[in-house]
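A structural walkthrough
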Amino acid sequence: MLSAIANAFKVPELRKKIIFSLMIVALYRLGTHVPVPGIPVEQLMAKFTQLASANQTISFLNLFSGNALSRFSVLSLGIMPYITSSIIIQLMQGVIPSLANWAREGEAGQRKLTQATRYLTLVLGLINAIGYLFLFQSYQYGLVLPEGVSSTLTSVVIVFTLIAGVALIMWMGELITQRGIGNGMSLIIFANIVSGFPSAIVSSLGYGSGQVTPQSIGVTALIIAVVLLVIPGIVLIERAQRRIPINYAKRIQGRRVMGGANTYIPLKVNGAGVIPIIFTSSLLYFPAQLAAFFQVKWLNTFSDWLTTGWLNWVLTFVLIVFFCFFYTSMVFNPEETAANLQKQGGFIPGIRPGSATVTYINNILMRITLPGAFYIGAIAVVPSILFAFTGQSLIQAFGGTSILIMVGVALDTMVQIESQLRMYHYEGFFR
């Protein structure tokens with residue numbers, strides 16, 4: 001591990017990409033501490049703590065914003081508008097033919113889809129910004145801003161500052177993806193989750209309230225130990241794959257004999273990665289976000305059903321399983337794979353080319369996706385159940401969703417670094 005990191009910094013091109021990514025993430029973290037103009041930060045943070053302790057939705061949104069929401073910073077909206085717009089654009093591809101055609105047009109089509117996602121992100125950012133302004137001016141939550149802040153001009157400045165923050169986050173994420181290492185949006189989420197660990201550990205120990213006891217120390221140590229034991233299991237399943245053997249027929253071109261090589265198609269047990277959890281969280285917490293903004297009674301009741309209790313656990317599990325199959329079907333097409341094999345003279349031993357190959361690959365994909373989906377669902381739901389019965393905030397911070405996102409993003413980034421190290425004949429992270 002340490003030798004691979006040292007080797008990564010020996011390659012000039014890779015070193016520049018890593019340093020560039022770290023600088024953008026550091027700039028993002030700096031932005032989470034810059035409040036929007038006209039906000040009484042200290043008063044707001046004190047009242048926000050009371051609000052977050054009583055409202056699980058606000059606590060969740062604050063976690064994914066890297067505590068930017070608690071400071072009402074310029075980056076308070078976080079990455080959620082972009083994720084939500086990505087979900088909508090991907091789902092609409094099955095409904096709107098023009099979007100589906102763009103998805104099949106290659107790089108030019110992807111640029112159009114990216115542009116549509118950006119515009120939709122700004123629209124959702126506008127809705128969220130207005131909602132947050134209403135929320136923080138609400139008497140029900142006690143987050144009443146000074147009279148000067150409630151003026152029309154200042155409110156407009158606050159809303160447009162938050163929208164500019166959304167655009168800045170998109171720009172930073174795309175910069176990392178294009179010029180850095182790893183997926184920019186995933187790394188931003190990773191940084192947000194990691195930033196909340198120190199405060200969660202301090203809160204669990206009782207330092208803030210001055211109630212540090214042997215019991216609180218023991219519980220905190222036990223939770224951290226369990227997390228450290230779970231991480232290797234997550235890594236094992238994340239790296240697990242089913243390899244479909246592929247043989248290539250020999251053919252003669254001129255005086256040369258081509259083909260005859262043996263290879264395989266790797267199908268991951270968890271081919272969707274952390275995307276199903278992010279999609280599910282965004283979908284379930286969107287009504288709760290609207291309810292927190294606009295304070296409609298029936299919407300509050302509906303959002304409480306979705307975000308707490310057994311209904312939330314069941315819906316979370318079911319939606320994660322659905323999104324696992326949905327996203328896997330989007331990123332891996334058995335028909336396209338079978339067609340490419342047939343064009344290149346490849347075949348699966350014992351399986352006829354064409355429709356038989358498509359059926360064979362599809363059956364294997366379904367069989368390995370199902371246990372992978374159940375595994376992700378269990379990782380996401382079990383910590384929520386434990387948190388509901390124990391009330392330990394550290395379980396929420398170190399919960400399955402957070403750990404799975406962290407491990408998944410770390411592994412994806414390591415794989416990208418690994419591939420570039422191999423190009424320069426260096427040993428990577430994996431043996």
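Keep in mind it's a predicted model, so treat the numbers as computed, not measured. The numbers attached to residues start from 1 for each chain and follow its sequence in the written order. Note on the predicted model: pLDDT of at least 70 is required for a residue's local features to be given, and 80 or more for side-chain atom pairs to be given and counted; whole-chain, interface and lining totals, by contrast, use all residues. In computing side-chain properties, one takes all heavy atoms of the structure into account and sets aside hydrogens as well as water.

So, about the overall build of the protein. Strands are runs of DSSP state E lasting at least two residues, helices are runs of H or I lasting at least four, and both sets are numbered from the N terminus onward. Counting secondary structure elements, the protein contains 19 helices and five strands. Each of the 431 residues in the protein was classed as buried or not, and the buried ones make up 46%. Put simply, 70% of the contacts in the protein that link residues at least 6 apart link residues at least 24 apart. Of the roughly 21,800 Å² of accessible surface on the protein, 65% is carried by carbon and sulfur atoms. When a residue's accessible area, from a 1.4 Å probe over protein chains only, is under 20% of the maximum for its type it is buried; when over 50% it is exposed; and in between it is partly exposed. Any two residues having at least one pair of non-hydrogen atoms within 4.5 Å are treated as being in contact. Only the protein chains shown count as covering a residue, and every accessible area follows the Shrake-Rupley method with a 1.4 Å probe.

Checked against the element boundaries, Thr-316 lands in helix α15 (residues 309-331). Judged by relative accessible area, Thr-316 falls into the buried class, the value being 12%. What Thr-316 contacts, discounting residues up to four positions off in sequence, is Thr-280, Leu-284, Ala-380 and Val-381.

Right, let's get into helix α12 (residues 214-239). Along an α-helix, residues three or four apart share an orientation, since each turn contains 3.6 residues. Here, expected helix span is obtained from the residue count minus one, scaled by 1.5 Å. Over its 26 residues, α12 extends 38 Å from the first C-alpha to the last, a length consistent with the 38 Å expected when each residue adds 1.5 Å. Among the residues making up α12, those that are buried are Ser-216, Thr-220, Ile-223, Val-227, Ile-234 and Glu-238.

Turning to a nonpolar patch on the surface, a few remarks are in order. There is a patch of nonpolar side chains on the surface, built from Ile-88, Leu-91, Met-92, Val-95 and Ile-96 and spanning about 370 Å² of accessible area. When you line up the elements, Leu-91 lands in helix α6 (residues 80-92). Each patch is built from salt-bridge-free residues with over 30% relative accessible area, joining like charges within 9 Å and nonpolar side chains (Val, Leu, Ile, Met, Phe, Trp, Tyr) within 5 Å. Think of a salt bridge as a Lys or Arg side-chain nitrogen and an Asp or Glu carboxyl oxygen that are within 4 Å of each other.

Let us now look at the nonpolar core. A general feature of soluble globular proteins is that nonpolar side chains tend to end up buried together. In these notes, a set of buried Ala, Val, Leu, Ile, Met, Phe, Trp, Tyr and Cys residues joined through side-chain atoms within 4.5 Å is what counts as a nonpolar core. Ranked by internal contacts, the top residues of the largest apolar core, which has 74 residues, are Phe-72, Ile-83, Tyr-132, Phe-136, Ile-189, Leu-404 and Ile-405. Other than its neighbours up to four places away in sequence, Phe-72 contacts Pro-35, Val-36, Ile-39, Leu-44, Tyr-132, Phe-136, Ile-158 and Leu-162. In this structure, Ile-244, Phe-332, Ile-348 and Leu-365 belong to the second largest nonpolar core, which totals 11 residues.

The next point concerns the pattern of salt bridges. Following the criterion strictly, the structure yields two salt bridges and no others. Note that Lys-17 is salt-bridged to Glu-13, the shortest N-O span being 3.9 Å. In this pair, Lys-17 and Glu-13 both sit in helix α2 (residues 12-31), four residues apart, roughly one turn of the helix. The partner of Arg-118 in a salt bridge is Glu-174, with the nearest N and O atoms 2.7 Å apart. One end of the pair, Arg-118, is in helix α8 (residues 107-136); the other, Glu-174, is in helix α9 (residues 152-179), and 56 residues separate them in sequence.

As a further point, take the environment of Pro-37. Turning to its location among the elements, Pro-37 is positioned in the loop between α2 and α3 (41-54). Along the backbone, Pro-37 and Phe-72 are 35 residues apart, and their C-alpha atoms lie at a distance of 9.7 Å. Discounting residues that sit within four places of it in the chain, Pro-37 has contacts with Val-157, Ile-158 and Thr-161.

Below, the discussion takes up the pairing of strand β1 (residues 241-248). With seven bridges joining them, β1 and strand β4 (residues 262-268) adopt antiparallel strand pairing. Paired with Ile-246 across the strands is Thr-263, a residue of β4. The criterion for strand pairing is that DSSP finds at least two bridges linking the strands in question. Here β1 runs beside strand β5 (residues 346-347); their pairing, made up of two bridges, is antiparallel. In the sheet register, Asn-247 faces β5, and the bridge partner there is Phe-347.

In this section: the sheet that holds β4. Picture the strands of a sheet paired through backbone hydrogen bonds; they go either parallel or antiparallel. Strand order in this open sheet of three strands is β4-β1-β5, and the pairing throughout is antiparallel. The sheet is open, and its two borders are formed by β4 and β5, each paired with just one other strand.

Turning next to the confidence of the model for the protein. On a scale of 0 to 100, pLDDT captures the predictor's confidence in every residue. Residues with a pLDDT of 70 or more make up 81% of the protein, whose mean pLDDT is 78. Looking over the protein, one finds the lowest element-wise mean pLDDT in strand β3 (residues 256-258), namely 59, and the highest in α2, namely 88.

Orientation is described by lines fitted to C-alpha atoms, with helices fitted over the stretch in contact, and by angles between N-to-C directions that extend from 0 to 180 degrees. As a packed pair, helix α11 (residues 197-205) and α12 sit with axes 8 Å apart at the nearest point and diverge in direction by 145 degrees. Contacts from Ile-201, Ser-204 and Leu-205 of α11 reach α12 at Ser-216, Ile-217, Thr-220 and Ile-224. Residues were grouped as follows: Ala, Val, Leu, Ile, Met, Phe, Trp, Tyr, Cys and Pro as nonpolar; Asp, Glu, Lys and Arg as charged; and all remaining residues, including Gly, as polar. The class makeup of the residues in the contact of α11 with α12 is four nonpolar, three polar and no charged.

Below, the discussion takes up the environment of Trp-313. Mapped onto the fold, Trp-313 is located in helix α15. In the structure, Trp-313 is positioned 68 residues away from Val-381 in sequence and 5.8 Å away in space, judged by C-alpha atoms. With residues near it in sequence (within four places) discarded, Trp-313 still touches Val-381, Ser-384, Ile-385, Ala-388 and Phe-389.

Among all positions of helix α16 (residues 334-343), only Pro-334, Thr-337, Ala-338 and Leu-341 are buried. With its buried residues spanning 95 degrees around the axis, α16 presents them on a single face. Facing away from the buried surface of α16 by more than 90 degrees, the exposed residues are Glu-335 and Lys-343. Elements that come into contact with the buried residues of α16 comprise β1, β4, β5 and α17 (355-390). Each direction from the helix axis to a C-beta atom contributes to the arc, which is the arc of those directions.

To continue, consider the packing of aromatic side chains. In this analysis, rings of Phe, Tyr and Trp, with Trp reduced to its six-membered ring, are considered paired at centre separations within 6.5 Å, and the interplanar angle assigns stacked below 30 degrees, edge-to-face beyond 60, and tilted for intermediate values. Using the criterion set out here, one finds four aromatic pairs in the structure. Each ring, one from Phe-323 and one from Phe-326, has its centre 6.3 Å from the other, and the planes form 75 degrees; the classification is edge-to-face. Within this pair, Phe-323 and its partner Phe-326 are both found in helix α15, separated by three residues, close to a single helical turn. Pair check on accessibility: Phe-323 and Phe-326 agree, each one buried. One aromatic cluster in this structure is built from Phe-322, Phe-323 and Phe-326.

By secondary structure assignment, the location of Ile-217 is in helix α12. For Ile-217, a relative accessible area of 44% puts it in the partly exposed group. Residues Ile-217 and Ser-204, spaced 13 residues apart in sequence, show a C-alpha to C-alpha distance of 8.0 Å.

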